[in-house]
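Read off the chains here:
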Amino acid sequence: MKKRTVIASTLTISTLTAGLSLMNQFAHNILYRQRLDKSNEEDWYSDLGGKKFKIKNHKKLYLQGYLFEEENAKRTIVCLHRLEQSSQTLKETIPYLKKLFPCSNVLLYDAHAHGLSDGYIRGFGYQDVLDLMYFNTYVLQKYGEDHHLIMYGQGVGANTILNASGLGQLKNVDMIISEGAYDNVYHYLSARCQKSLNISHKINAPIIRQFIKKEINKDIKKMNTVALVKKNEIPTIFVHSKEDGDVPFKHVFSVYNHNASVKMLFPIKEKSLYELIDKTDTYTLSLQEFVNENI
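Predicted model only: the values in this text are computed from it and were never measured.

A. Seen up close, the pattern of salt bridges. If you walk through the whole model with that rule in mind, you get eight salt bridges. As a salt-bridge pair, Glu-84 and Arg-192 come within 2.4 Å of each other at their nearest N and O atoms. Here the residue Glu-84 occupies a position in the loop between β3 (75-80) and α2 (93-100), and Arg-192 occupies one in helix α5 (residues 185-197), the gap between them amounting to 108 residues. Overall, the relative accessible area of 40% leaves Glu-84 in the partly exposed class. Under the relative-accessibility criterion, Arg-192 is labelled buried at 18%.

What follows is the structure, given as structure tokens:
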């Protein structure tokens, strides 16, 4: 009996140690960029009429942008990608946004520590706010102080925009389209970890939080978009797919419910908003109606 107890205890300790190691490795991999993805160097943007450019942020890091200009454009749509992705993953969204907002430029950029932008540590939509402000300024300097913008983001990109707006840091932005935003980083990363490692979010969340706090002295529990959208004044469409593989569908409700601005909740069964480009049913057209009424 004692021998069995010793063996069971050893196995339990071994399992816990292995689980802790996996969770710490997950937190490390999600926090730090591991490598530069060479696929981002492909000439994917020129086929869509785009040009590459770079700007330098406050930390002297170069950020990679892609600009798709229209002659006599009325506005510029700034687009932000998901965590661990890049501007290239938004290329199929460009035609949809141009149809939704005719006569518009489109600007995509790689968040720092993503794509071809500099950086090593990821910002989770909070450290990224200053970079978005730099691109906001870039657009106004290029096209004039009276030029207007639309902001579109997916996942962490959507959170970056909502956070910036809640902090009052966006200029001349007429509308936000948030696709797949999460309520806060603590819940978002713990859900990703549970999906990846099959370890309950109740167990992994405190460990991920402790790891990141130790590494960069930032508390992911305080990275709370729900608190910031209470001060959002820009008309916002909250899009969220029921099949979203990055952010659980339930996250959209707390962000939408606490948002202070004129707003629209737009759940979709398709995986991405751009898949609606050729649909003309009443529900799909209601999004265009909201745009027309609020710009």
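B. Seen up close, the packing of aromatic side chains. One pass over the full model with this rule turns up 12 aromatic pairs. Ring geometry for Tyr-32 and Tyr-120: centres 4.8 Å apart, planes at 25 degrees, overall stacked. Of the two residues, Tyr-32 is situated in the loop between α1 (2-31) and β1 (51-56) and Tyr-120 in the loop between β4 (104-109) and α3 (129-143); the sequence distance between them amounts to 88 residues. Among the residues examined, Tyr-32 registers a relative accessible area of 7% and is labelled buried. For the ring pair Trp-44 and Tyr-45, a centre distance of 5.8 Å and an interplane angle of 90 degrees mean the geometry is edge-to-face. Here Trp-44 falls in the buried class, since its relative accessible area comes to 7%. Taking the relative accessible area as the measure of exposure, Tyr-45 reaches 14% and is therefore buried.

C. Seen up close, the environment of His-258. Looking at the element boundaries, His-258 is found in helix α8 (residues 251-258). We classify His-258 as partly exposed; its relative accessible area is 36%. Along the chain, His-258 and Lys-230 lie 28 residues apart, while their C-alpha atoms are 5.6 Å from each other. Excluding residues within four positions of it along the chain, His-258 makes contact with Val-226, Val-229 and Lys-230.

D. How the structure looks around the sheet that holds strand β8 (residues 263-268). The strand order across the open sheet built from eight strands is β1-β2-β4-β3-β5-β6-β7-β8, with neighbouring strands paired in mixed fashion. At either margin of the open sheet sits one strand with a lone partner, and together these are β1 and β8. Mean inter-strand twist for the sheet, computed between neighbouring axes without regard to direction, equals 20 degrees. Looking at chain direction, strand β7 (residues 236-241) and β8 are connected through six bridges and run parallel. Bridge pairing in β8 links Val-239 to Phe-266. Along the sheet, α3 contacts β1, β2 (62-68), β3, β4, β5 (148-154) and β6 (173-179); its crossing angle with β4, the most-contacted strand, is approximately 145 degrees. Against the sheet, helix α4 (residues 156-166) engages β3, β5, β6 and β7, with an angle of about 135 degrees to β5.

Each value, and the rule that gives it
Residues numbered from 1 in each chain as written. Predicted model: local features only at pLDDT ≥ 70, side-chain atom pairs only at ≥ 80, totals over all residues. Heavy atoms only, no water. Salt bridge = Lys/Arg side-chain N within 4 Å of Asp/Glu carboxyl O. Helix = DSSP H or I, 4+ residues; strand = E, 2+ residues; numbered from the N terminus. Buried < 20%, exposed > 50% of the residue type's maximum accessible area, 1.4 Å probe, protein only. Phe/Tyr/Trp six-rings, centres within 6.5 Å; stacked < 30°, edge-to-face > 60°. Contact = heavy atoms within 4.5 Å. Pairing = 2+ DSSP bridges. Axes fitted to C-alpha atoms, helices over the stretch in contact; angles between N-to-C directions.

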